[in-house]
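# Descriptive structure summary
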Amino acid sequence: QFATDVEVHVVATRETADETIIKYAGQTKTTYVLTNDRFVDFSSSSVVKDKRLLRHEILPNQVFIHDLNVDLTYESMPN
């Protein structure tokens, strides 16, 4: 469940999510991608070259983003 100010985009059928993410994030120098994908097919993109890909670990009730020293604990939402 997301806050009302979070925008979610679902990639259309037959489109690749990777290409959409890289193009969108490449529009500004302040956009980072939270991913464990290294986007090797997009090594020439500014997002990959500028190292704006942030790896993460998601565990039950906890998220780690080591590059940002983020360690968050959260409560699961009831179904």
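The coordinates are above.
What you see is a predicted model, and the numbers here were worked out from it, not measured in a lab.

## Looking at a nonpolar patch on the surface
Taken together, the side chains of Val6, Val8 and Val10 define a hydrophobic patch exposed on the protein surface, amounting to about 280 Å² of accessible area. With respect to the secondary-structure elements, Val6 resides in the segment before helix H1 (17-25).

## Topic: the pattern of salt bridges
Evaluated as defined, the whole model comprises three salt bridges. Lys23 is the salt-bridge partner of Glu19, the closest N and O atoms lying 3.1 Å from each other. Separated by four residues within a single helix, Glu19 and Lys23 lie in helix H1, roughly one turn from each other. Its relative accessible area of 32% is what places Glu19 among the partly exposed residues. For Lys29, the salt bridge identified is with Asp50, shortest N-O distance 3.1 Å. In this pair, Lys29 is assigned in the loop between H1 and strand S1 (33-34) and Asp50 in the loop between helix H2 (46-49) and strand S2 (53-54), connecting sequence segments 21 residues apart. Note on Lys29: relative accessible area 58%, which makes it exposed. Looking at Asp50, the relative accessible area reads 38%, which means it is partly exposed. Several salt bridges share partner residues, and in doing so they unite Lys29, Asp50 and Arg52 into one network.

Reading the values: rules and limits
- The numbering scheme is per chain: residues are counted from 1 as the chain's sequence reads.
- Owing to the predicted nature of the model, reporting of local features is limited to residues with pLDDT of at least 70; listing and counting of side-chain atom pairs is limited to 80 or more, with chain, interface and lining totals taken over all residues.
- As a rule here, side-chain values cover all heavy atoms of the structure and leave hydrogens and water aside.
- Here the term patch refers to residues with relative accessible area over 30% and no salt bridge, with like charges joined within 9 Å and nonpolar side chains (Val, Leu, Ile, Met, Phe, Trp, Tyr) within 5 Å.
- Accessibility throughout is a Shrake-Rupley quantity obtained with a 1.4 Å probe, and a residue counts as covered only by protein chains that appear here.
- Salt bridges are counted wherever a side-chain nitrogen of Lys or Arg sits within 4 Å of a carboxyl oxygen of Asp or Glu.
- Starting at the N terminus, helices and strands are each numbered in turn, a helix being any DSSP run of H or I of at least four residues and a strand any DSSP run of E of at least two.
- Think of it in three bands: with a 1.4 Å probe and only protein chains considered, a residue is buried below 20% of the maximum accessible area for its type, exposed above 50%, and partly exposed in between.

Nothing here speaks to function; it is all geometry.
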